[in-house]
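This is what each chain is made of:
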Amino acid sequence: MSQRVLTTESGAPVADNQNSATAGAGGPVLIQDQHLLEKLARFNRERIPERVVHARGSGAYGYFEVTDDVTGFTRADFLSEVGRRTETFIRFSTVADSLGGADAVRDPRGFALKFYTDEGNYDLVGNNTPVFFIKDPIKFPDFIHSQKRDPFTGRQEPDNVWDFWANSPEATHQITWLMGDRGIPASYRHMNGFGSHTYQWTNAEGEAFFVKYHFRTNQGVRSLSAEQAAEQVGKDANSHQTDLLQAIERGVNPSWTLHVQVMPAAEAADYRFNPFDVTKVWPHADYPLRRVGRLVLDRNPDNVFAEVEQAAFSPNNFVPGIGPSPDKMLQGRLFAYADAQRYRLGINHTQLPVNAPRTATVDNYGRDGLHATRYGSRQDKNYEPNSYAGPAQTGAALASPLAVHGWTGTHEAPAHTKDDDFFQAGELYRLMSTEEKDRLVANIAGGLSQVTRDDVIEKNLAHFHAADAEYGKRVEEAVRALRED
């Protein structure tokens, strides 16, 4: 095999990659050394702004295969036939920490999935929990600020974390999830994934349904205790990345079975919980799981930066037959996710290989901008309408329209008969075994006991008391014992 020739960015051969050009054998470096300057300039620009949330992530390619007929609920083409396979890319992530953070920490996990369908890319952006801490996007920046590093101390502060939760009682359900056994997955392969939000499906007849997505791991759910996680972080801070990479390289391809809960759109208004409140679940007794298909991961990225760090997901990337719901947090994310990628990667981030459609054709009037690679032919116009046979609208909406009424302004979400911030948190607690409750109480008390303000502690304790009397009593006693030590 002949030796490949090292070149500069412009393609010129490099004579010496070991020594900089200097003024004489011992003299200063010359500014005319283009190869040196080019290498240093590129090195200084190798990183892009990391995600504010979900910065630390891992990813893999795979496929989704339909196993059950769901055409009665959606006309989405990639779900139209049993046995149909669609290429996918998934990105798992922690939420609060930075790009250099450890994997085995107590934190929700992102579960972002891109389907490369024939009708365009469909992005399903979820987590490994079926609920979230807040229900309105206007609180999201404040919530994330409270969970990340304090601007003065430069570290995550228990006072900030628990103060926000003390003043956000709707977080009680998600706190119970996070502080329970599933708060630290043993690996990305051993956790479930959820769309979390409520979405809309529309069938060929125009009937609308609201759905929730559940990806159940076929490896079985495995989690780490706080002690096991601390040991894991000490051994390998990149433990989840290592596990995912090595499993796929060995041919042990992780998989998940997708189920959905389906609610006829007409039932949403009178359902006992607000079906668009992401702090709540739909009990399976009301809307049982329906199997849809399986997700299999079978290929690692060739370059983590190009394919995992530059992967861009947005929940507003829908395809015909799938659309949004009135879920307020989802509505906020329809803007925020895409806007984050415009900032991080530029307006043409959808042209990057990991983000570009694989089987669908992109044909629109977007031109120019940083890193543009798609221009069209010289005959193509960059405006519409035109008389030159340019791409035109279809007139067919992706999903069914939603009826709205009332006055514009800021409103609290309408209350349903069983809506409150604590009932479902109490239900989750009561489902736990004695040992699970013990660990949950210990995890909550370990964090809450570090808070310096008594009023913040009391507010949080009141939330656990409201969820379940035993729950509140046990947390209160555990916090008191730790503070007295």
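Presented here is a report on the structure given in the accompanying data block. Residue numbering note: each chain is counted from 1, following its sequence as written. In view of the model being predicted, local features appear only for residues whose pLDDT reaches at least 70, and side-chain atom pairs are presented and counted only at 80 or more, with totals across whole chains, interfaces and linings using the full set of residues. To get the side-chain values, take all heavy atoms of the structure and skip hydrogens and water.

## With respect to the overall build of the protein chain
- Only DSSP runs of H or I reaching four residues or more are called helices, and only runs of E reaching two or more are called strands; each is numbered from the N terminus. Along the protein chain, the regular secondary structure elements total 12 helices and 10 strands.
- For a compact globule the rule gives 2.2 Å times the number of residues to the power 0.38, and the radius of gyration it is set against comes from C-alpha atoms. Taking 485 residues into account, the globule formula puts the C-alpha radius of gyration at 23 Å, and the protein chain, at 25 Å, falls close to it.
- For the C-alpha atoms alone, the extent of the protein chain along its principal axes is close to 80 × 65 × 50 Å.
- Classification of residues uses two cut-offs on accessible area relative to the type maximum, computed with a 1.4 Å probe and protein chains only: under 20% is buried, over 50% is exposed, and between them is partly exposed. The 485 residues of the protein chain split such that 46% are buried.
- Between two residues, a contact is recorded if the distance between any of their heavy atoms is within 4.5 Å. Across the protein chain, every contact between residues at least 6 apart in sequence was considered, and the portion connecting residues at least 24 apart equals 74%.
- With residues, only the protein chains shown are counted as cover, and all accessible areas are computed by Shrake-Rupley using a 1.4 Å probe. In the form shown here, the protein chain has an accessible surface area of approximately 24,800 Å², with 52% of it arising from carbon and sulfur atoms.
- By the counting scheme adopted, Arg and Lys are positive, Glu and Asp are negative, and His together with the chain ends is not counted. Throughout, a charge is located at the NZ atom of Lys, the CZ atom of Arg, the CG atom of Asp or the CD atom of Glu. Averaging the locations of the 51 positively and 64 negatively charged side chains of the protein chain gives two centres separated by 3 Å.

## A closer look at empty space enclosed by the protein
- Whether a set of points on the 1 Å grid over the protein atoms alone is a cavity depends on a 1.4 Å probe fitting there but being unable to get out, while an open set qualifies as a pocket with protein on both sides within 12 Å along at least five of seven lines; lining residues are those with an atom within 4 Å of a point. Grid points are joined across faces, edges and corners, and a volume is the space filled by probe spheres set on the points. For the coordinates displayed, the defined rule picks out 7 cavities of 30 Å³ or more.
- Approximately 70 Å³ is the volume attributed to the largest cavity.
- Together, Asn128, Thr129, Arg182, Pro185, His190, Met191, Asn192, Phe194, Val221, Arg222 and Ser223 line the largest cavity.

## Quick notes on the pattern of salt bridges
- Each salt bridge in this description consists of a side-chain nitrogen of Lys or Arg and a carboxyl oxygen of Asp or Glu lying within 4 Å of one another. Scanning all chains against the criterion turns up 30 salt bridges.
- The shortest N-O distance in the salt bridge between Asp68 and Arg291 comes to 2.6 Å. You can see Asp68 sitting in the loop between β1 (57-66) and β2 (85-94) and its partner Arg291 sitting in strand β9 (residues 290-299), a full 223 residues away along the chain.
- On the accessibility criterion, Arg291 (45% relative accessible area) is partly exposed.
- A salt bridge links Lys280 to Asp277; the nearest nitrogen and oxygen atoms lie 2.8 Å apart. Here the two residues Lys280 and Asp277 agree in accessibility, since each one is buried.
- Salt bridges here are not isolated pairs; linked through shared partners, they connect Lys135, Asp277, Lys280 and Asp421.

## Quick word on the packing of helix α3 (residues 158-166) against helix α11 (residues 454-467)
- Between α3 and α11, the shortest axis-to-axis distance is 9 Å and the interhelical angle comes to 50°. Here α3 is positioned oblique relative to α11, judged by the angle of their axes. Crossing of α3 against α11: the hand is left-handed. Contact with α3, carried on its side by Trp162, Asp163, Trp165 and Ala166, involves Val456, Lys459, Asn460, His463 and Phe464 of α11 and no other residues of that element.
- Following the grouping adopted for this structure description, the nonpolar residues are Ala, Val, Leu, Ile, Met, Phe, Trp, Tyr, Cys and Pro, the charged ones are Asp, Glu, Lys and Arg, and the polar ones are all others, Gly among them. Each residue belonging to the contact of α3 with α11 can be placed in one class, and the counts come to 5 nonpolar, 2 polar and 2 charged. Lines fitted to C-alpha atoms define the axes here, with helix axes fitted over just the stretch in contact, and angles between the N-to-C directions of these axes take values from 0 to 180 degrees. Angle categories: roughly parallel below 35 degrees, roughly antiparallel above 145, roughly perpendicular from 65 to 115, and oblique for all the rest. Helix crossings fall into two classes, left-handed where the near helix is turned counterclockwise from the far one by less than a right angle and right-handed where it is turned clockwise.

## Here's the deal with the packing of aromatic side chains
- Only Phe, Tyr and Trp rings take part, Trp by its six-membered ring, and two of them pair if their centres are within 6.5 Å. Stacked means planes under 30 degrees apart, edge-to-face means over 60, and tilted covers everything else. Counting across every chain of the model gives 30 aromatic pairs.
- Ring plane angle 80° and centroid distance 5.7 Å describe the contact between Phe64 and Phe115, whose orientation is recorded as edge-to-face. Placement of Phe64 in strand β1 and of Phe115 in strand β3 (residues 109-117) is noted, with a sequence separation of 51 residues between them. Accessibility assignment for this pair places Phe64 and Phe115 in one class, buried.
- Ring geometry for Phe92 and Phe111: centres 5.6 Å apart, planes at 70°, overall edge-to-face. Pair noted here: Phe92 is in strand β2 and Phe111 is in strand β3, with a separation of 19 residues, a long-range link. The same class applies to Phe92 and to Phe111, which are both buried.
- Members of the aromatic cluster, connected to one another through ring pairs, are Phe64, Phe78, Phe115, Tyr122, Tyr199, Trp201, Tyr213 and Phe318.

## Here's the deal with α3
- When we look at burial in α3, the residues that qualify are Val161, Trp162, Phe164, Trp165 and Ala166.
- Packed against the buried residues of α3 are α2 (140-147), α4 (172-178), α10 (434-448) and α11.

## Let's talk about the nonpolar core
- To define a nonpolar core, start from buried Ala, Val, Leu, Ile, Met, Phe, Trp, Tyr and Cys residues and group those joined through side-chain atoms within 4.5 Å. Counting residues in hydrophobic clusters, the biggest one holds 39 residues, and the most contacted among them are Phe133, Trp162, Trp165, Leu448 and Val475.
- Going through the elements one at a time, α2, α3, α4, α9 (423-431), α10, α11 and α12 (469-484) are the ones with two or more residues in this core.
- When near neighbours in sequence (up to four residues on either side) are disregarded, Trp162 contacts Ile175, Met179, Ile444, Gly447, Leu448, Val451, Val456, Asn460 and Phe464.

## Side note on the environment of Ala265
- Summarising the element assignment, Ala265 is placed in the loop between β8 (255-264) and β9.
- With 245 residues separating them along the chain, Ala265 and Ser20 place their C-alpha atoms 69 Å apart.
- Dropping the residues within four chain positions of it, Ala265 is found in contact with Ala208, Phe209 and Phe210.

## So, the layout of surface pockets
- Estimated volume of the largest pocket: approximately 1,400 Å³.
- Residue composition of the lining of the largest pocket, by class: 15 nonpolar, 6 polar and 11 charged.

## Regarding the pairing of strand β4 (residues 120-127)
- Buried residues dominate β4, accounting for 8 of its 8 residues.
- Taken together, the 8 bridges between β3 and β4 define a ladder with antiparallel strand orientation. Note that in β4 the partner of Phe111 across the bridge is Gly126. One bridge is not enough; two strands pair if DSSP finds at least two bridges between them.

## Notes on the packing of α2 against α3
- One way to put it is that α2 packs onto α3 with a least axis distance of 7 Å and a crossing angle of 145°. From α2, Asp142, Phe143, Ser146 and Gln147 reach across to α3, where they touch Asn160, Val161, Phe164 and Trp165.
- Considered class by class, the residues forming the contact of α2 with α3 number 4 nonpolar, 3 polar and 1 charged.

## Things to note about the pairing of β8
- Taken across its 10 residues, β8 has 9 buried, putting it largely inside the fold.
- Bridge count between strand β7 (residues 208-217) and β8: 9 bridges; the pairing is antiparallel. Looking across to β8, one finds that His214 is bridged to His259.
- Pairing analysis gives 6 bridges linking β8 to β9, with the strands arranged antiparallel. When the sheet's bridge partners are listed, His259 is paired in β9 with Arg291.

## Thoughts on the side chain of Thr117
- With respect to the secondary-structure elements, Thr117 resides in strand β3.
- Owing to a relative accessible area of 3%, Thr117 belongs among the buried residues under this scheme.
- Polar contacts, as counted here, are pairs of nitrogen or oxygen atoms within 3.5 Å of one another; within protein the pair requires one atom able to donate a hydrogen and one able to accept it, and residues that are adjacent in sequence qualify only if both atoms are side-chain atoms. A distance of 2.5 Å separates the side chain of Thr117 from the backbone oxygen of Gly120, its partner in a polar contact.
- The contact partners of Thr117, leaving out residues within four places of it in the chain, are Phe78, Thr86, Tyr122, Val319, Thr359 and Ala360.

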